[in-house]
Amino acid sequence: MSAQIPESHKALLEGPVVVSFVTMMPDGQPQATPVWCLYDGSHILINTAKGRQKAKNVEDNPKVTVLAINPENPYSYLEVRGVVDEITTEGAEDVIDQLARLYTGQDKYYGGVAPESSREERITYKIKPLHVVAN
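K.L.:
Looking at this structure, I do not really get the overall build of the protein chain. What am I missing?
P.N.:
Helix and strand content of the protein chain: three helices and seven strands. Listed N to C, the secondary structure of the protein chain is α-β-β-β-β-α-β-β-α-β in terms of helices and strands. Whereas a compact globule of 135 residues would reach a radius of gyration of roughly 14 Å, the protein chain reaches 15 Å, a difference of no more than 12%. Here the C-alpha coordinates of the protein chain stretch approximately 45 × 35 × 25 Å along the principal axes. Looking at the 135 residues of the protein chain, the share that counts as buried comes to 40%. Sequence separation of at least 24 residues holds for 70% of the intrachain contacts in the protein chain that already meet a minimum separation of 6. Here the protein chain carries 13 positive and 18 negative side-chain charges, and the mean point of each set is 2 Å from the other.

Structure follows, in structure tokens:
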């Protein structure tokens, strides 16, 4: 069963707020990475590139945490513990472009300058919230 994101804290996932994405290393040590995210009303979407450490970690263990801290009040935050419900490359470049528009104002993440052959293969994670702490 999914946990609900409270209305009072949804803006932290709807950006542009850089969040911490926490995955588990093979030795059990947590690994935190600052990332961009989207919220589709039921899942948190995170986009990365194949081959990165967080991608390897999620393949091994789909349990993750997303921590969003209010940039205007660091004592206001949202912690979402969840599971990666879906991993997809389909539409992942569109998702990173949507994130780029939200976070940088640029239409394209690659800015039209990187030839397709040199671009990293993008992956989108859909994270189902299982436990939410909103402060």
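Moving on from the coordinates now.
K.L.:
Which parts of the structure should I look at to understand the packing of aromatic side chains?
P.N.:
Geometry of an aromatic ring pair is reported as the spacing of the ring centres plus the angle between the planes. Tallied over the entire structure, the rule returns three aromatic pairs. Considering the side-chain rings of Trp36 and Tyr103, the 5.1 Å spacing of their centres and the 10 degrees angle between planes classify their relative orientation as stacked. You can see Trp36 sitting in the loop between strand 2 (30–35) and strand 3 (37–39) and its partner Tyr103 sitting in helix 3 (residues 92–104), a full 67 residues away along the chain. A centroid spacing of 6.1 Å and a plane angle of 90 degrees characterise the contact between Trp36 and Tyr109, whose relative ring orientation is edge-to-face. Of this pair, Trp36 sits in the loop between strand 2 and strand 3 while Tyr109 sits in the loop between helix 3 and strand 7 (122–134), and the two are 73 residues apart along the sequence. On the basis of relative accessibility, which here comes to 23%, the residue Trp36 falls in the partly exposed class. We classify Tyr109 as partly exposed; its relative accessible area is 32%. Grouped by ring-pair contacts, the aromatic residues Trp36, Tyr103 and Tyr109 constitute a single cluster.

Procedures and definitions
Residues numbered from 1 in each chain as written. Predicted model: local features only at pLDDT ≥ 70, side-chain atom pairs only at ≥ 80, totals over all residues. Heavy atoms only, no water. Helix = DSSP H or I, 4+ residues; strand = E, 2+ residues; numbered from the N terminus. Rg over C-alpha atoms; globule rule 2.2 N^0.38 Å. Buried < 20%, exposed > 50% of the residue type's maximum accessible area, 1.4 Å probe, protein only. Contact = heavy atoms within 4.5 Å. Lys, Arg positive; Asp, Glu negative; His and termini not counted. Charge placed at Lys NZ, Arg CZ, Asp CG, Glu CD. Phe/Tyr/Trp six-rings, centres within 6.5 Å; stacked < 30°, edge-to-face > 60°.

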